[in-house]
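Listed below, chain by chain, are the residues.
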Amino acid sequence: MTAARPQASGGRRPGFGAVQALLGLVLAALCVAPFAIVLVVSFGQVVEGASWRWALSLENYLRFFVGLEWPASTSFLYLQKLWWTLVYAGLAAVIAVAFAFPFTWLTTRQSRRIQTVWLVFLLSSLSLSEVFVVMGWDVLLSNRSGLPMVFRETGLTDWLQSVGWFDTLRDWGMATPRNVRFKTSVFATVLTMSYLVFPYAVILLYPALSRLDPAMLEAARTMGARPFTVIRTVVLPAARLPLTGAALLLFVYLLGAYVVVSVFADPARQTLTITIYESVRGATLNAPFGAAQAVILLLTAGGFLLASLRLSRLAEAKA
Amino acid sequence: MSSGEPGPGAPQGDPADLRLWDVRKTFPGGAVAVESVDLRFPAGELTALLGPSGCGKTTLLRMIAGLESPSFGRIELGGEDITDLPAHKRRFGMVFQNFALFPHLTVAENVAYSLAIEGVAKPKRRARAEELLDLVQLPGYGARRIGELSGGQRQRVAIARALAQEPSVFLLDEPMSALDAKLREEMQVELRLLQQRLGITTVVVTHDQREAMTMADRIVVMSNGRAEQVGPPQEVYQRPANRFVAGFIGKANFLSGTADRGEVLLATGARLSVAPAANFRDGAPVQVACRPEWTFLASEPGANTLAGRVAFVRDIGQVREIHVETPAGPQVCELPFSSPARPRLGDAVHLFLPPELIRVFPAQDRAEAA
Amino acid sequence: MSRLAGRLYLAWCALFVLAPIVVVCAAALNGGRTMLFPPEDPTLERFVEFFVSDPVWTRALQRSILIAVASAAIATLIAWPTAYGLWRRDTKLSKLLAASMAMPFALPPIVFGVGLGFLWAFSGLIGTIPAGILSHAALHGALPLATISIGLQSIDRAHLDAAATMGATERTAFRTIVLPQTIPYTLSGFFFALVLSFNEFIVMFFVSASAYATVTLQIFNSLRNGFTPTMAVGAIVFILTSVAVFSLVARFGDLPRLMGADPSRR
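Everything quoted here is computed from the prediction, not taken from an experiment.

Draft legend 1. Representation of the sheet that holds strand 7 (residues 169–173) of chain B. Residues and elements named next belong to chain B. Spatially, the six strands line up as an open sheet ordered 6-7-8-3-9-10, and their pairing is mixed. Of all the strands in the sheet, the pair left with one neighbour each is strand 6 (93–95) and strand 10 (226–231). The sheet shows a mean angle of 15° between the axes of neighbouring strands, direction not considered. Alignment of strand 3 (residues 46–50) against strand 9 (residues 218–223), held across four bridges, turns out to be parallel. Looking at the pairing, L49 lines up with V220 of strand 9. Packed on one face of the sheet, helix 6 (residues 151–163) meets strand 6 and strand 7 and runs near 165° to strand 6.

Now the structure itself:
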């Protein structure tokens, strides 16, 4: 009368298995293979001229860490590039999140309709190509028009000179003898990078902040906390993990910035993306070495990405 | 079954009945939702699966619908094995807890969904939808969007939709839980009348004993994945099969004691006689249950009385609840509002427990032991 | 007081976001050949050049549009089974597929661009438009994957159970319940991919191999070889496209919800 039955299978349809297999092939070819190829090529060897051949050599990595002439002499040129990659991205990510937090918080307190308008605005600027952003800031920061001109015309330059901060700016390489100068500087690079990711920062913080229970804030208010105290004692602690997670994600995103650095950074302080380009397509033409640099950038980014994933899991587990 | 009546799994009854044979459900994680259930749902009757949340009643209903397949056992309809028949071939009309109406379709399109799938022509579908909306007293609502409807209207649409395919079995999963208290009572009566008019075999899952008693021909009381008792509402109420049922259906005062020559010897030394005599081994630990409305105030000590002091009194409309602290534990006695007795806080009183209304159970239910 | 400070802060941020955009737009009006701000000798001549008369720009615009539309369509097409698999069958394979689809978008695009450059070079497709389309589809597949997944999660599973009890097979339920309810999310994903492809630079830089230029590539070239105000027109076109597309998404879909707001609160 009764019989042991297998566990419920949920009615699997064989057709979908085939779809998934096909999908797997497509994704493997388009999404995974490029990364794999970069990894394989990075062990290759450059031969006469611009060509290269398959090999299993570590010389590209050796060159990256200690230079070509090692062990006769060591060069940390590429480690410096990596360092600047991290510095720019780190500074810009933190600044963007710091400015985006109050912005997002204020936005989420508005009605849905106004939130939608803000989101359209932000998404539009977010999708704006790095190329345009750089173009805009390039005009804004250029010496002939834009901010330096505004500084001079409004007398800000004179004022800076009179209080003596102008010399400090000159020490930082942000001024000519006559006026302030923003191109090329760390300031311009970091400013434009934070501009690039500011909308991303808002979008990343938006879910966490918009889900904060208003009753919790009202409770804090009824216990006598002023609005600013509420933010400091309730909102900020609740948003600590999303804030860190957002900063990490933006950091990873900025590791790949190319146009900003090529236009705004001092040649001595450029990043890996520039040297990768030069090795693969540009002046130096050494594809395997370019691939090795890309692998190192990839590993750096991947490491931080995993850390941010961990963090968001943690945040979810807490929620 | 722990009730003394013939088990519903016994091979008898109408051949059109829906039957479950030793149905069990273990989820992949190892959690046992349904332990072993044998049930018969008589054709044309309304059966309520009643129990606290997590007792397995919804899982059982979903297995009947074919949305979940049993880990073990057999489901039959009209003598035919339907255990392996998927939900879309069983086509038992089902009303879901939050109604699961499709927001992208109109009311009429929701109602006629099953017909559209079958390929019924559009004019015929429309006519049938109108007919069903009339049946659930929502004439002319066909063109509306689901978002425009109130909770009660949504429920009516969900019922109409489930009946559109003229199902052989009608299933409802906590159908009243999304409604407010007043509407709930009205809809219970309305649903029962509709079911009786259509004479359709119906299974309702609920955790509300009042709802079950209002609507059901038969109640299945469930706990911990088992059916504890099966019977008509009055029988389940008057003769609970065990301590769990006595406590879950209505209210009950419980007293601990031991069986002694057909009577019960309480821990305090008092004796309670029981009619008919309790059939227990002498010295076996037992639980005595007596409903508050069957507990009376006596003017003086006597047989089957407990002395105590009034700890709390509350007047709730038609009854007055007297909470009495006795040496055997707190007891509640419900007096009709018209009763002349008006004990006050702190008064010494005597409670009389009529022998014929006392129920005696083993001290531990199987459910509790597990 | 604090309310006023809040408003001021919002306004300041809006200004910060708008500043370079306004500058670029205004620069398009320059009469001369140099990018000046404020513009000198304002004229609409650059718009004519961009859309009509200068073949360098008109061809770039056509390519950009072709690549954006085609790659967004392919990305959405690939994203659907991936998202559906993840939602309906919680298997390791489904998760692996979704993860590999998300990977190119999450990691530095220059690495992906370098890899695609090698891939197309090996297969002999480097510098062709189809290779560009496929590259962008792979890069932006994560976007429709995310929006469609959000859409699928918003479907009450009881709806599928209800459909099943009314006689719907999985296929029928997909057609009558799942698909209609996820159309706004699918479209949103398509448009996200479209806009981002339109604006993408670095991957296209590697896979086009200088054989053709999209608008962003053309602008980058101009950026290096001296500005021309015509490229600012390109920027205006892009900004307007983005605003139009996201307004559409907001009009037909629930944008706050797509961005992760709690759907139950209004």
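Now, onward.
Draft legend 2. Spotlight on the sheet that holds strand 18 (residues 329–336) of chain B. Residue and element names in this part refer to chain B. If you trace the five strands from one edge of the open sheet to the other, you get 15-19-16-17-18, paired in antiparallel fashion. Here the strands that pair on one side only, and so sit at the sheet edges, are strand 15 (296–298) and strand 18. Averaged over neighbouring strand pairs, the angle between their axes works out to 50° when direction is ignored. Bridge count for strand 16 (residues 305–316) against strand 19 (residues 348–352) is five bridges, and the pairing is antiparallel. Bridge pairing in strand 19 places G308 opposite V349.

Draft legend 3. Inspection of the packing of aromatic side chains at higher detail. The final tally for this structure, using the stated rule, is 44 aromatic pairs over all chains. Each ring, one from F251 of chain A and one from F304 of chain A, has its centre 4.7 Å from the other, and the planes form 75°; the classification is edge-to-face. Note that F251 of chain A is positioned in helix 12 (residues 240–255) and F304 of chain A in helix 15 (residues 287–318), a separation of 53 residues in sequence. Overall, the relative accessible area of 9% leaves F251 of chain A in the buried class. Measuring from ring centre to ring centre gives 5.0 Å for F102 of chain B and Y113 of chain B, while their planes differ by 65°; the resulting arrangement is edge-to-face. Taken together, the positions of F102 of chain B in the loop between strand 6 and helix 3 (107–111) and Y113 of chain B in helix 4 (residues 113–118) put the pair 11 residues apart, joining distant regions of the chain. For Y113 of chain B, a relative accessible area of 4% puts it in the buried group. The ring of F289 of chain A carries R63 of chain A above its face, with NZ or CZ at 4.0 Å from the centroid. Sitting over the ring of F72 of chain B, R24 of chain B keeps its end group 4.4 Å from the ring centre.

Rules used in this analysis
- Residues numbered from 1 in each chain as written.
- Chains lettered and ligands numbered in written order.
- Predicted model: local features only at pLDDT ≥ 70, side-chain atom pairs only at ≥ 80, totals over all residues.
- Heavy atoms only, no water.
- Pairing = 2+ DSSP bridges.
- Helix = DSSP H or I, 4+ residues; strand = E, 2+ residues; numbered from the N terminus.
- Axes fitted to C-alpha atoms, helices over the stretch in contact; angles between N-to-C directions.
- Contact = heavy atoms within 4.5 Å.
- Phe/Tyr/Trp six-rings, centres within 6.5 Å; stacked < 30°, edge-to-face > 60°.
- Buried < 20%, exposed > 50% of the residue type's maximum accessible area, 1.4 Å probe, protein only.
- Lys NZ or Arg CZ within 6 Å of the ring centre and 35° of its normal.

That is the geometry; function is a separate question.
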